[in-house]
Amino acid sequence: MGSRSPPKKSSSSSSGRPPTVKFARRTSSGRIVSLSRDDELELGLSGEFAPNSDPNDYINYTVLMPPTPDNQPSEGKPDDLPLPPYGPNAKRGGGGQGTTKLDRTVSVIKPNRSMLLRSQTGDFDHNRWLFETSGTYGIGNAFWAPGGGGGGGGGDGYEDDEGTGVSMSDFMDKPWKPLTRKIKIPSGILSPYRLLVVFRLVALALFLSWRVRNPNPDAMWLWGTSIVCEVWFAFSWVLDQLPKLNPINRATDLAALRDKFETPSPSNPHGRSDLPGVDLFISTADPEKEPPLVTANTVLSILATEYPVEKLACYISDDGGALLTFEAMAEAAAFAEVWVPFCRKHNIEPRNPDSYFSQKGDPTKNKKRQDFVKDRRWIKREYDEFKVRINGLPDTIQRRSDAINAREEMREVKLAKEKGGGGPEAAEGIKVAKATWMADGTHWPGTWRAHSADHSKGDHAGILQVMLKVPENDPVYGGHEDNKYMDFSDVDVRLPMFVYVSREKRPGYDHNKKAGAMNALVRASAILSNGPFILNLDCDHYIYNSQAIREGMCFMMDRGGDRICYIQFPQRFEGIDPSDRYANHNTVFFDGNMRALDGLQGPVYVGTGCLFRRYALYGFNPPRAFEYAGLYGQYKSPAAKASAAGAGDDPEARPLTVHPDLDLPKKFGNSTMLVESIPIAEFQGRPLADHPAVKNGRPPGALLVPRPPLDAPTVAEAVSVISCWQDKTEWGSRIGWIYGSVTEDVVTGYRMHNRGWRSVYCITKRDAFRGTAPINLTDRLHQVLRWATGSVEIFFSRNNALLGSRRLKFLQRVAYLNVGIYPFTSVFLIMYCFLPALSLFSGHFIVQTLNVTFLVYLLIITVTLTLLSLLEVKWSGVALEEWWRNEQFWLIGGTSAHLAAVIQGLLKVIAGIEISFTLTSKSAAEDEDDIYADLYVVKWTSLFIPPIVIIVVNVVAIVIGFSRTVYSEIPQWSKLLGGVFFSFWVLAHMYPFAKGLMGRRGRMPTIVYVWWGLIAITVSLLWITISPPSDNETTSG
């Protein structure tokens, strides 16, 4: 920073008076005193100084300002003064010719010439010079002198020797700022965590080695079974633990994002948004299982989110083609015209109406506008009426359809009578299809209530309806004429584009469930809006944080963001019972495992709450990627471009290990508009090229062009791409969501990572999205069954991580391998849960005796696991209770749903038989006022059988083992203790399952009495066997 010269003083030659100089010195104690006395002395004849001071008092004192960087003398310097630390020819930057501007004529104190020198070093004291001469620090953004006089230039700025005006605003340009930053876990937590992992790994190896070398000759079958299970558990623990070695946190800077993309600049003079467009996808399939009101609230939260309106587009996929969903979305679009401006006006959070009005607490907190209470009261009434209309839609559609069908039937009968001569027999054979009618009196092209040809769930035409058109590019403010109840005069009332889509379905085509529906939305949105980024949500997951999209965009638009394929947000749930009996929150996975994967190549895709890069979904490779070689992927090198040789082979026959550049998608379909939109989406998704380190960027201001309005040919093209034409394309195999698995989300994310893309886990301070989760035991087990079945399918498919390319990091490969392997742990887990009971039944244990070595190993393994859990809780933020609930449900799900998934997967792979585990009986909740009523409902399913058997067998085994030991001549208490300890370990994990079977407190199901009866009979028989009655007792009886 350049120095600033002292203010220019008038010389004695021009005024006839000596200059005013203030003399002082600092004593060794730090006190400032004058040159001759303690009170202040001033020289000067100006009226602003002491009038009694005599100008001749110090007539013999003169001061020559020592040369500084901004004050170089134009004349020779007295030889008796020491040289300053600056060169005699040093010049101010930018000057050098106008030396008259740098002349200074002041007095020098000849007797005290060393006062301006530091006492010890003899160097020039710049701080003392600033004090004694009222000098300044120069010009810059750290200091600016009052009035802006900078040594020659006066006024508001500094004028250099060439007359160029410089103001402080020239120094206030903001530097380049990153939009995100990594926050590493403190080393005080992470280092002990890694050390304990290594220590426990060594302890496990030594323990297993000792177990193998010390068999139990009394029960070899028990010893061998336990060894096999323990080896597998150790292997499974390693697969789960290794990807957790590098957890990280991330933070975003929304202010920097706003400054970079929405602040006036030379490339953006009007300050319009230069952010890329975002297309939001919502998927629903059945209005009976997924209530339209829930879906409508999700749509309203999207339409009201804080993102440039002209850059947003919302699409809903109704895979059931139901008129109920269609009309509910039309009602939501109408209600959004008042709900969205209300949210913007009063900064409402959350922007889901149902969640907002259900919040507990004071709604006026932090609200300052005087009309808030009046507006809230009115919008609450409007929402209540909106809910009533949604709830009444099924009856409205039914009455309308019945009335029109009756009218059509009467018309057909009348025509038949006219053609048949008026006889009643002419109208007897006439049958009119029971159609479903829209409000305008036309046939609904989708699914009818009474299914018929071309109008059933699996056989109907494609439907695309633009319910809210493309908004204008400039803000549109409301007026009193638009709404006489609320004042929107200072509120932007524009709404994002909203499109209803129901893809075509025909018999004989595999429509691939949710994955096929999402790919139809990708194609339709590419024609209509072509947002370079796609956010997909389930119909029950709404936007809880209106800034969530901006938070995700910080990662996409930051340096290196062009290599990110998606941003995964954690799933948060509402309506979970306070104790979270069945670990529905799943915080161990979302806050632990996913955060750890973020330190590798990125988290897995979990199906909802994910912001995709459209270009990555199209199956293309990242602009830059790396390959990892070596046993542990320790050798990293930039990925080289491969030639196209062999690209014409069958793409399905090639394994995924081939070079990704030979596997680029080629068959997008016959839509020219779709193919032409691909490079546009790729360019618009690039970060700004505002820094030399930003590679593959776009120029600022490139996205300021307004979106053109939709025309009929464009909409017709969008309708054509949601038909069944994709069978001969690469959609589902190389492009979009991948088909062939129940868990299409995991496979889709794996394919992107396998090409070298990275993903990011974005945990926001306020939850980004919230949804619902099943709290009933049966529903929860069936949810876990679906996930586990998909994992088994992945393991037996070409998507197995063992077959991945070299662009997949080693630990990321381990994480994906664990995704496919973890269901198989259920086989060994069930065996191990029966071992304590078998030990108690047989009177033997897995070891011959409970010696010190076994107990020490057991203690070390248990303590290290406990410490690891505590440290993991520390860096992940998971509560101990949540961790314990997760451990309990891991055992419950592992012995029920995971085992069923393994059996189903093996039957499908070996015999081609698909088995679906469905509910055999259902019952509704008895208490509708209790939001947790479904928690106590018992819905019997075959998944209950293995855990029930495990509980009953272990309880009976404890009783038998205790009875045998007590009545034995030589009690084996050590073996009893070992068996009972492990049995209680199993039963403690099964407690939530048993509690769920008992239903509501005080209402025990009949099956529980059956258990107790079975146990009582078994114990009685065993008691008679162990201690039979004597002959004397029998005779006396």
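As the structure is a prediction and not an experimental result, all values here were calculated from the model.

1. Topic: the overall build of the chain
1) Next: If you tally the helices and strands in the chain, you get 28 helices and 21 strands.
2) Next: A burial count over the chain gives 49% of its 1037 residues as buried.
3) Next: Considering only contacts in the chain between residues 6 or more positions apart, those separated by 24 or more positions represent 77%.
4) Next: Of the roughly 49700 Å² of accessible surface on the chain, 57% is carried by carbon and sulfur atoms.

2. Looking at the UniProt feature "active site" (unreviewed entry) in the chain
1) Next: According to UniProt, the feature "active site" (unreviewed entry) maps to Asp319 and Asp745 in the numbering used here.
2) Next: With respect to the helices and strands, Asp319 occurs in the loop between β8 (312-318) and α7 (323-346).
3) Next: Each residue touching Asp319, except ones within four places of it in the same chain, is listed here: Thr284, Ala285, His460, Arg503, Lys505, Lys513 and Ala517.
4) Next: A distance of 2.7 Å separates a polar atom in the side chain of Asp319 from a polar atom in the side chain of Arg503.
5) Next: In this structure, Asp745 sits in helix α17 (residues 744-754).
6) Next: Residue classification places Asp745 among the buried positions, given a relative accessible area of 12%.
7) Next: Not counting chain neighbours up to four residues away, the residues in contact with Asp745 comprise Tyr605, Val606 and Gly607.

3. Structural notes on the sheet that holds strand β21 (residues 769-772)
1) Next: Taken together, three strands build an open sheet; the order of strands is β14-β21-β16 and the sheet is mixed. Lying at the two open borders of the sheet, with one neighbouring strand each, are β14 (542-543) and β16 (572-574).
2) Next: The sheet contact formed by β16 and β21 spans three bridges and is parallel. Along β21, the bridge assignment pairs Arg572 with Arg770.

4. A closer look at helix α15 (residues 672-684)
1) Next: A rise of 1.5 Å per residue sets the reference length of α15, with its 13 residues, at 18 Å; its end C-alpha atoms lie 19 Å apart and thus fit the reference within 8%.
2) Next: Largest kink in α15: about 25°, centred on Ile678, with the proline Pro679 one to four residues after it.
3) Next: Buried within α15 we find Leu674, Ser677, Ile678, Ala681 and Glu682.
4) Next: Summarising the contacts, the buried residues of α15 are in contact with α11 (513-528) and α14 (614-617).

5. Comments concerning the packing of aromatic side chains
1) Next: What the rule picks out here adds up to 45 aromatic pairs.
2) Next: Geometrically, the ring pair formed by Tyr566 and Phe612 is tilted, given 5.5 Å between the ring centres and 55° between the ring planes. Residue Tyr566 is located in strand β15 (residues 564-568), and its partner Phe612 is located in strand β17 (residues 610-613); the two are separated by 46 residues in the primary sequence.
3) Next: Residue Tyr566 is classed as buried on the basis of its relative accessible area of 0%.
4) Next: Joined through ring pairs, the aromatic side chains of Phe207, Trp210, Phe845, Phe854, Tyr857, Phe981 and Phe982 make up one cluster.
5) Next: Sitting over the face of the ring of Tyr544, Arg766 holds its NZ or CZ atom 4.0 Å from the ring centroid.
6) Next: Directly above the ring of Tyr544 sits Arg770, whose terminal nitrogen or CZ lies 3.9 Å from the centroid.

6. Concerning the side chain of His455
1) Next: Position of His455 relative to the elements: it lies in strand β9 (residues 455-456).
2) Next: Reaching out from His455, the side chain makes a polar contact with the backbone oxygen of Trp444 at a distance of 3.4 Å.
3) Next: The contacts of His455, once residues within four sequence positions are left out, are Trp444, Pro445, Gly446, Thr447, Trp448 and His460.

7. Topic: the pairing of strand β7 (residues 278-284)
1) Next: Burial within β7 is extensive, with seven of its seven residues counted as buried.
2) Next: Of the two faces of β7, both are covered, the one formed by Val278, Leu280, Ile282 and Thr284 as well as the one formed by Asp279, Phe281 and Ser283.
3) Next: After leaving β7, the chain enters helix α6 (residues 292-303) and then returns to the sheet as β8, a path that is right-handed.
4) Next: Alignment of β7 against strand β13 (residues 533-538), held across six bridges, turns out to be parallel. The residue of β13 that forms the bridge with Ser283 is Asp538.

8. Details of a nonpolar patch on the surface
1) Next: A contiguous nonpolar surface patch, about 430 Å² in accessible area, is contributed by Leu859, Val863, Leu867, Leu870 and Leu880.
2) Next: Sort the elements by how many residues they give to the nonpolar patch and helix α21 (residues 852-876) lands first, with four residues.
3) Next: Note on placement: Leu880 falls in helix α22 (residues 880-894).

9. A closer look at helix α4 (residues 220-241)
1) Next: Its 22 residues give α4 an end-to-end C-alpha distance of 31 Å, which sits within 8% of 32 Å, the value for a rise of 1.5 Å per residue.
2) Next: Along α4, the positions that sit buried rather than exposed are Leu222, Trp223, Ser226, Ile227, Cys229, Glu230, Trp232, Ala234, Ser236, Trp237, Leu239 and Gln241.
3) Next: Residues of α4 that are buried make contact with α3 (187-213), α19 (810-821), α20 (825-842) and α21.

10. Quick word on unusual backbone geometry
1) Next: Cis geometry is adopted by the peptide bond preceding Pro350, which originates at Glu349 and carries an omega value of -10°.
2) Next: Its place among the elements puts Pro350 in the loop between α7 and α8 (353-357).
3) Next: Although it is not a glycine, Asn347 adopts a positive phi angle of roughly 55°.
4) Next: Tracing the sequence through the fold places Asn347 in the loop between α7 and α8.
5) Next: We classify Asn347 as exposed; its relative accessible area is 52%.
6) Next: Even without being a glycine, Asn530 presents a positive backbone phi close to 55°.
7) Next: The residue Asn530 is located in the loop between α11 and β13 in this model.

11. What about the packing of α6 against α7?
1) Next: Where α6 contacts α7, the two axes come as close as 8 Å, and the packing angle between them is 40°. As for how α6 packs across α7, the hand of that crossing is right-handed. For the pair α6 and α7, contact is made by Pro292, Thr295, Ala296, Val299, Leu300 and Leu303 and by Leu324, Ala328, Met329, Ala332, Phe335, Ala336, Trp339, Val340 and Arg344, respectively.
2) Next: Of the residues belonging to the contact of α6 with α7, the class tally is 13 nonpolar, one polar and one charged.

12. Points about the nonpolar core
1) Next: With 132 residues, the main nonpolar core has Tyr315, Phe612 and Tyr618 as its most contacted residues.
2) Next: With sequence-adjacent residues up to four places away left out, Tyr315 is seen in contact with Asp279, Leu280, Phe281, Ile282, Met497, Val499, Val501, Leu521, Ser525, Leu528 and Ser529.
3) Next: Core analysis: the next-biggest nonpolar cluster, separate from the first, contains 80 residues, Ile302, Ile316, Ile549 and Leu688 among them.

13. Topic: the UniProt feature "transmembrane region" (unreviewed entry) in the chain
1) Next: Cross-referencing UniProt, the feature "transmembrane region" (unreviewed entry) maps to residues 815-838, 850-871, 943-964, 976-994 and 1006-1026 in the present numbering.
2) Next: Along residues 815-838, the helical share is 88% and the strand share 0%, with 34 Å between the first and last C-alpha atoms.
3) Next: For residues 976-994, helix accounts for 95% and strand for 0%, while the C-alpha atoms at its two ends are 24 Å apart.

14. Overview of the confidence of the model for the chain
1) Next: Taken as a whole, the chain shows an average pLDDT of 80; of its residues, 74% reach a score of 70 or greater.
2) Next: Confidence drops under pLDDT 50 across residues 1-23; counting only partners more than four residues distant or on other chains, this segment forms 57 contacts.
3) Next: Under a pLDDT of 50 for its full length, residues 1032-1037 has, in the predicted model, one contact with residues more than four places off or in other chains.

15. Considering the packing of α20 against α22
Helix-helix packing: each pair is described by the crossing angle between the helix axes and the interaxial distance.
1) Next: Here α20 crosses α22 at 100°, and the two axes come no closer than 9 Å. Judged on the interaxial angle alone, α22 and α20 are roughly perpendicular. Seen from α20, the contacting residues are Thr825, Ser826, Leu829 and Cys833; seen from α22, they are Trp890, Leu891 and Gly894.

16. Description of the pattern of salt bridges
Pairing between side chains becomes possible if they bear opposite charge and their charged atoms approach one another.
1) Next: A complete count under the given rule lists 42 salt bridges for this structure.
2) Next: Ionic pairing is found between Lys387 and Asp384, a salt bridge with its closest N-O pair at 4.0 Å. One end of the pair is Lys387 and the other is Asp384, both in helix α9 (residues 372-391) and three residues apart, which spans about a single turn.
3) Next: On the accessibility criterion, Asp384 (28% relative accessible area) is partly exposed.
4) Next: Between Arg411 and Glu408 there is a salt bridge whose closest N-O contact spans 3.5 Å. Taken together, the positions of Arg411 and Glu408, both in helix α10 (residues 393-419) and three residues apart, correspond to about one turn of that helix.
5) Next: Within this structure, Lys345, Arg369, Asp371, Lys374, Asp375 and Asp490 form a network of salt bridges that share partners.

About the thresholds
- Residues numbered from 1 in each chain as written.
- Predicted model: local features only at pLDDT ≥ 70, side-chain atom pairs only at ≥ 80, totals over all residues.
- Heavy atoms only, no water.
- Helix = DSSP H or I, 4+ residues; strand = E, 2+ residues; numbered from the N terminus.
- Buried < 20%, exposed > 50% of the residue type's maximum accessible area, 1.4 Å probe, protein only.
- Contact = heavy atoms within 4.5 Å.
- Areas by Shrake-Rupley, 256 points an atom, 1.4 Å probe, with all protein chains shown as cover.
- UniProt positions renumbered as here; feature names shortened; annotations may be inferred.
- Polar contact = N/O pair within 3.5 Å; in protein donor to acceptor, adjacent residues only side chain to side chain.
- Pairing = 2+ DSSP bridges.
- Expected span 1.5 Å × (residues − 1).
- Bend = angle between axes of the 7 residues up to and from the residue.
- Phe/Tyr/Trp six-rings, centres within 6.5 Å; stacked < 30°, edge-to-face > 60°.
- Lys NZ or Arg CZ within 6 Å of the ring centre and 35° of its normal.
- Right-handed = clockwise from strand over helix to strand, strands pointing away.
- Patch = residues over 30% accessible without salt bridge, like charges linked within 9 Å, V, L, I, M, F, W, Y side chains within 5 Å.
- Salt bridge = Lys/Arg side-chain N within 4 Å of Asp/Glu carboxyl O.
- Axes fitted to C-alpha atoms, helices over the stretch in contact; angles between N-to-C directions.
- Left-handed = near helix turned anticlockwise from the far one by under 90°.
- Nonpolar A, V, L, I, M, F, W, Y, C, P; charged D, E, K, R; others polar.
- Core = buried A, V, L, I, M, F, W, Y, C linked by side-chain atoms within 4.5 Å.
- pLDDT = per-residue confidence, 0-100.
- Parallel < 35°, antiparallel > 145°, perpendicular 65-115°, else oblique.

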